[in-house]
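One letter stands for each residue in the lines below.
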Amino acid sequence: MKKLLIALLTAGALAQPALADYYIAGDFNGWTANGNLMTETFSGSGIWQASMNMGTGRHEFKVTDGTWGWNVPGSGN
């Protein structure tokens, strides 16, 4: 079991509302849109992270707002 750290840097390029929650959805949690909550490294940093234990290998994931109404990368992947 390996520990994976995923980080997201929010910037003006992301059309996500400020102070929203970010989640990780992927093949490791059944693509549950609100599966793994990300936390901001420190208030106002704009850097969000999630740490998960999972098996080695390739994993696919997206960052969501807890629903599939907004996600990165979008539908075009």
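Residues numbered from 1 in each chain as written. Predicted model: local features only at pLDDT ≥ 70, side-chain atom pairs only at ≥ 80, totals over all residues. Heavy atoms only, no water.

> Help me understand the pairing of strand E6 (residues 61–64) in this model?
Taken residue by residue, a regular strand's side chains alternate between the two faces of the sheet. Sheet topology places strand E2 (residues 23–26) next to E6; 4 bridges connect them, and they run antiparallel. From the neighbouring strand, Ile-24 faces E6, where its bridge partner is Val-63. As defined by bridge partners, E6 adjoins strand E7 (residues 71–72) across 2 bridges and the pair is classed as antiparallel. Bridge assignment links Thr-64 to a residue of E7, and that residue is Asn-71. With antiparallel pairing between neighbouring strands as the criterion, E6 and E7 make up a hairpin whose turn holds 6 residues, including Gly-66 at a positive phi of roughly 100°. (Pairing = 2+ DSSP bridges. Helix = DSSP H or I, 4+ residues; strand = E, 2+ residues; numbered from the N terminus.)

> Looking at this structure, how should I read the environment of Thr-67?
Relative to the assigned elements, Thr-67 resides in the loop between E6 and E7. Between the C-alpha atom of Thr-67 and that of Ala-25, which follows or precedes it by 42 residues, the distance is 9.7 Å. A distance of 2.7 Å separates the side chain of Thr-67 from the side chain of Asp-65, its partner in a polar contact. Within polar-contact distance, the side chain of Thr-67 engages the backbone nitrogen of Gly-69 at 3.0 Å. (Polar contact = N/O pair within 3.5 Å; in protein donor to acceptor, adjacent residues only side chain to side chain.)

> Please explain the packing of aromatic side chains as it appears in this structure.
Each aromatic ring pair is summarised here by two numbers: the centre-to-centre distance and the angle between the ring planes. Applying the stated rule across the entire model yields 2 aromatic pairs. An angle of 70° between the planes, with centres 5.0 Å apart, marks the rings of Tyr-22 and Trp-48 as edge-to-face. Placement of the pair is Tyr-22 in the loop between strand E1 (2–9) and E2 and Trp-48 in strand E5 (residues 47–54), with a sequence separation of 26 residues. Judged by its relative accessible area of 4%, Tyr-22 is buried. Look at Trp-48 and you get buried, because its relative accessible area is 11%. Aromatic rings pair up to connect Tyr-22, Trp-48 and Trp-70 into one cluster. (Phe/Tyr/Trp six-rings, centres within 6.5 Å; stacked < 30°, edge-to-face > 60°. Buried < 20%, exposed > 50% of the residue type's maximum accessible area, 1.4 Å probe, protein only.)

> What's the story with the nonpolar core in this structure? I'm lost.
Taken as a class, soluble globular proteins show a tendency for nonpolar side chains to be buried jointly. Judged by nonpolar contacts, Tyr-22, Ile-24, Met-38, Trp-48, Ala-50, Met-52, Met-54, Val-63 and Trp-70 together constitute the single largest core of 9 residues. Here this core gets 4 residues from one element, more than from any other, and that element is E5. (Core = buried A, V, L, I, M, F, W, Y, C linked by side-chain atoms within 4.5 Å.)

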